[in-house]
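A closer look at the structure
Each chain, written out:
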Amino acid sequence: MPKVKTLEDLFQAGLKDIFFAEKKILTALPKMAKAAINQDLRAAFEKHVAETEEQVSRLEQVFEEIEAKPQSKTCDAIMGIIAEGQEIMKDYKGSPALDNGLLASAQAVEHYEICQYGTLISWANELGLKESVRLLRQTLAEEEKTDKSLTALAEAVVNQEACSEPAGIESEEET
Ligand SMILES: [Fe+2]
Ligand SMILES: [Fe+2]
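Residues numbered from 1 in each chain as written. Chains lettered and ligands numbered in written order. Predicted model: local features only at pLDDT ≥ 70, side-chain atom pairs only at ≥ 80, totals over all residues. Heavy atoms only, no water.

**Concerning the coordination of the iron ion (ligand 1)**
In this structure, Glu 22 (OE), Glu 22 (OE), Gln 55 (OE1), Glu 113 (OE) and Glu 143 (OE) serve as the protein donors to the iron ion (ligand 1), at separations of 2.0 to 2.3 Å. Sequence spacing among the residues donating to the iron ion (ligand 1) works out to E-x32-Q-x57-E-x29-E. Gln 55 sits in the buried class, given a relative accessible area of 0%. (Donors = N, O, S within 2.8 Å, 3.2 Å for Na, K, Ca; no water. Buried < 20%, exposed > 50% of the residue type's maximum accessible area, 1.4 Å probe, protein only.)

Right, dumping it as structure tokens:
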């Protein structure tokens, strides 16, 4: 008979999923930072690279508490979100709307993470994994803060740029 799967199994599977996702995000964020036109947006992405590195190491500590070795399992959801982001970078290269597109895909990433960490925290709570709850909450707070600052950037700066003329493009002179 197949082994009856438990909440522990579900928790560990979720950890592998988000461990994969965080490492994938770590490769995507520097590219997004490089592509960003707005300097504040670039800085926000760069700041989140450092935070994401820390989040990966927190997940390693969570694996430690459940006495499992840190492992990744392909997360199709994050692969899809990041692929769409890459498409935007390609399609909107040189366009003033590029930053809006980057913001949208970055927020899709954050929302996915917020959803996953919320679930993992409730399961860790249920399983009595105190240290994991503490670590996962720290990460969730960072994801929420990042999402908020991206919203503020979208409202304050970037939306204005999308409506303006593209910078650095010379107008054609009539002769
Ligand atoms: Fe993250
Ligand atoms: Fe994040």
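And the narrative resumes.
**Structural notes on the coordination of the iron ion (ligand 2)**
Summarising the metal site, the iron ion (ligand 2) is bound by the protein donors His 48 (NE2), Glu 110 (OE), Glu 110 (OE), Glu 113 (OE) and Glu 143 (OE), whose distances to it range over 2.0 to 2.6 Å. In primary sequence terms, the donor set of the iron ion (ligand 2) follows H-x61-E-x2-E-x29-E. In this structure the iron ion (ligand 1) is found 3.2 Å away from the iron ion (ligand 2), and Glu 113 serves as a bridging donor for the pair. Here Glu 113 is found in helix H4 (residues 98-126), whereas its partner Glu 143 is found in helix H5 (residues 130-163), with 30 residues between them in sequence. The residues Glu 113 and Glu 143 share a single accessibility class, namely buried. (Helix = DSSP H or I, 4+ residues; strand = E, 2+ residues; numbered from the N terminus.)

**Some details on unusual backbone geometry**
Even without a glycine there, the phi angle at Glu 67 is positive, about 55°. Within the secondary structure, Glu 67 sits in the loop between helix H2 (39-65) and helix H3 (76-91). Note on Glu 67: relative accessible area 77%, which makes it exposed.

**Remarks on the side chain of Glu 110**
Looking at where Glu 110 falls in the secondary structure, it is placed in helix H4. This buried residue, Glu 110, is left without a salt bridge; Arg 58 holds the nearest opposite charge, at 11 Å. (Lys, Arg positive; Asp, Glu negative; His and termini not counted. Salt bridge = Lys/Arg side-chain N within 4 Å of Asp/Glu carboxyl O.)

**What about the packing of H2 against H4?**
One can describe the packing of H2 onto H4 by two numbers: an axis separation of 13 Å at closest approach and a directional angle of 25°. One finds that H2 runs roughly parallel with respect to H4. For the pair H2 and H4, the sense of crossing is left-handed. Contacts from Leu 41, Phe 45, His 48, Gln 55 and Leu 59 of H2 reach H4 at Asp 99, Leu 102, Leu 103, Ala 106, Glu 110, Glu 113 and Tyr 117. The residue makeup of the contact of H2 with H4, split by class, is seven nonpolar, two polar and three charged. (Axes fitted to C-alpha atoms, helices over the stretch in contact; angles between N-to-C directions. Parallel < 35°, antiparallel > 145°, perpendicular 65-115°, else oblique. Left-handed = near helix turned anticlockwise from the far one by under 90°. Contact = heavy atoms within 4.5 Å. Nonpolar A, V, L, I, M, F, W, Y, C, P; charged D, E, K, R; others polar.)

On their own, these measurements won't tell you what the molecule is for.
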